[in-house]
Amino acid sequence: MPFGEPEYPIVNDDPELDDCIKSMRRGDYFNVGAITSASWAYGYIFGKPARMATASTAAALGFTFASFLIIQDTRSRLLGYSPNETEQKKFGIQRHPQKRTPQDPRYPTALKPSDTPRPTLNWNNYD
């Protein structure tokens, strides 16, 4: 994901996996099928001693790669880093994106002290 401000309107400022799957386009499904098929063919061509086992393994790896690629593409469209006219029509534009203030991990916020499960020490035993 690129850093900086998005170039297009933000559809969802915090998309989850379900949101990404719901916003997949026909081309995304085509890419998944094409990448999986191409990797199966690659495994079949170059896996001479055990062609089918190699082809099936390569297809599984290709499907995994295609899934990651498609989720990355749909997430960038929902966040406004890629052209997202279709998502704007389908889901609408988020009017007020939540601005998060980055917190420096070197200066954590103090938490309320809680009761510890340890018993209190009895110092009378050490006389």
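Relevant structure appears above.
### A closer look at the overall build of the protein chain
Stage number 1. A count of helical and extended segments in the protein chain gives 4 helices and 0 strands.
Stage number 2. Helices and strands appear in the protein chain in the N-to-C order α-α-α-α.
Stage number 3. Scored against the burial criterion, the 127 residues of the protein chain give a buried share of 20%.
Stage number 4. Counted over contacts in the protein chain with a minimum sequence separation of 6, partners at least 24 positions apart contribute 76%.
Stage number 5. Total accessible area on the protein chain stands at roughly 10400 Å², and carbon and sulfur atoms take up 59% of it.

### Re the environment of Ala38
Stage number 1. Mapped onto the fold, Ala38 is located in helix α2 (residues 26-46).
Stage number 2. On the basis of relative accessible area, Ala38 is assigned to the partly exposed category, the value being 46%.

### Here's the deal with the packing of aromatic side chains
Pairs of aromatic rings are described using the distance from one ring centre to the other and the angle between the two planes.
Stage number 1. For the structure on display, the rule yields 2 aromatic pairs.
Stage number 2. Aromatic pair Trp40 and Tyr44: ring centres 5.3 Å apart, planes at 10°, arrangement stacked. Note that Trp40 and Tyr44 are positioned in helix α2 at a spacing of 4 residues, about one turn of the helix.
Stage number 3. Note on Tyr42 and Phe46: the rings are 4.8 Å apart at their centroids and 50° apart in plane angle, and the pair reads as tilted. Of this pair, Tyr42 and Phe46 both sit in helix α2, 4 residues apart, which is roughly one turn of that helix.
Stage number 4. Accessibility expressed as a relative area gives 53% for Tyr42, which makes it exposed.

Reading the values: the criteria
Residues numbered from 1 in each chain as written. Predicted model: local features only at pLDDT ≥ 70, side-chain atom pairs only at ≥ 80, totals over all residues. Heavy atoms only, no water. Helix = DSSP H or I, 4+ residues; strand = E, 2+ residues; numbered from the N terminus. Buried < 20%, exposed > 50% of the residue type's maximum accessible area, 1.4 Å probe, protein only. Contact = heavy atoms within 4.5 Å. Areas by Shrake-Rupley, 256 points an atom, 1.4 Å probe, with all protein chains shown as cover. Phe/Tyr/Trp six-rings, centres within 6.5 Å; stacked < 30°, edge-to-face > 60°.

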